[in-house]
Amino acid sequence: MIRRPPRSTPKPSSAASDVYKRQGFIVYLYVNENQLYERLKKDKKRPLLQVGDRKKLIANLFHERDPLYKSIADIIYTPRSLQLKKVIPELFDKISKRE
């Protein structure tokens, strides 16, 4: 079996960010680095995460992507729950107050 090195996500250009902004409303569903690790530590489906030091990879990706996501988001939403029945009304309320 041949194993390829994990691919890194290309760094979006400001042109790509502009396209996202023109296409619609951007919501960044923010969770911190530790929450991401806890959610993804046993993941077997994301090829990018199939590395030896998953915690370090998640930390690197988080520090690389978080500033970009924050800079293009219309709303940064930090869910207080993982239950959709709680998250959806909270997020809807936050979006409604913004319009």
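Residues numbered from 1 in each chain as written. Predicted model: local features only at pLDDT ≥ 70, side-chain atom pairs only at ≥ 80, totals over all residues. Heavy atoms only, no water.

Chemist: Provide a residue-level description of the packing of aromatic side chains, including the pertinent values.
Modeler: In this description, a pair of aromatic rings is defined by centroid distance and the angle of the planes. One pass over the full model with this rule turns up three aromatic pairs. Considering the side-chain rings of Tyr 28 and Tyr 30, the 5.7 Å spacing of their centres and the 90 degrees angle between planes classify their relative orientation as edge-to-face. The same class applies to Tyr 28 as to Tyr 30, namely buried. Ring plane angle 55 degrees and centroid distance 6.2 Å describe the contact between Tyr 30 and Phe 62, whose orientation is recorded as tilted. (Phe/Tyr/Trp six-rings, centres within 6.5 Å; stacked < 30°, edge-to-face > 60°. Buried < 20%, exposed > 50% of the residue type's maximum accessible area, 1.4 Å probe, protein only.)

Chemist: Please provide a residue-by-residue account of the side chain of Asp 43, values included.
Modeler: Assignment of secondary structure puts Asp 43 in the loop between helix H2 (33-40) and helix H3 (54-72). Classification of Asp 43 as buried rests on a relative accessible area of 13%. Separated by 2.5 Å, the side chains of Asp 43 and Arg 46 make a polar contact. Here Asp 43 is in contact with Leu 49, Gln 50 and Arg 54, once residues within four sequence places are set aside. (Helix = DSSP H or I, 4+ residues; strand = E, 2+ residues; numbered from the N terminus. Polar contact = N/O pair within 3.5 Å; in protein donor to acceptor, adjacent residues only side chain to side chain. Contact = heavy atoms within 4.5 Å.)

Chemist: Outline the environment of Arg 54, listing residues and values.
Modeler: Mapped onto the fold, Arg 54 is located in helix H3. A residue is classified by how much of its surface remains accessible, and Arg 54, at 11% relative accessible area, is buried. Among all residues touching Arg 54, those that are not within four sequence positions of it are Tyr 37, Leu 40, Lys 41, Lys 42, Asp 43 and Leu 49. In this structure the side chain of Arg 54 is engaged in a polar contact, spanning 3.0 Å, whose partner is the backbone oxygen of Lys 41. There is a polar contact of 3.2 Å between the side chain of Arg 54 and the side chain of Gln 50.

Chemist: I'd like to hear about the environment of Leu 49, residue by residue, with values.
Modeler: Summarising the element assignment, Leu 49 is placed in the loop between H2 and H3. Overall, Leu 49 belongs to the buried group, its relative accessible area being 4%. With near-sequence residues (within four places) excluded, Leu 49 lies in contact with Leu 40, Asp 43, Arg 54, Leu 57 and Ile 58.

Chemist: Lay out the pattern of salt bridges with the relevant residues and their values.
Modeler: For the structure on display, the rule yields five salt bridges. The partner of Asp 66 in a salt bridge is Lys 70, with the nearest N and O atoms 3.1 Å apart. Of the two residues, Asp 66 and Lys 70 both sit in helix H3, four residues apart, roughly one turn of that helix. The class of Asp 66 is buried, set by a relative accessible area of 10%. Lys 70 sits in the partly exposed class, given a relative accessible area of 36%. Measuring nitrogen to oxygen at the nearest pair gives 3.0 Å for the salt bridge that ties Glu 90 to Arg 80. In this pair, Glu 90 is assigned in helix H4 (residues 84-98) and Arg 80 in the loop between strand E2 (75-77) and H4, connecting sequence segments 10 residues apart. (Salt bridge = Lys/Arg side-chain N within 4 Å of Asp/Glu carboxyl O.)

Note that all results are geometric; they support no functional claim without further evidence.
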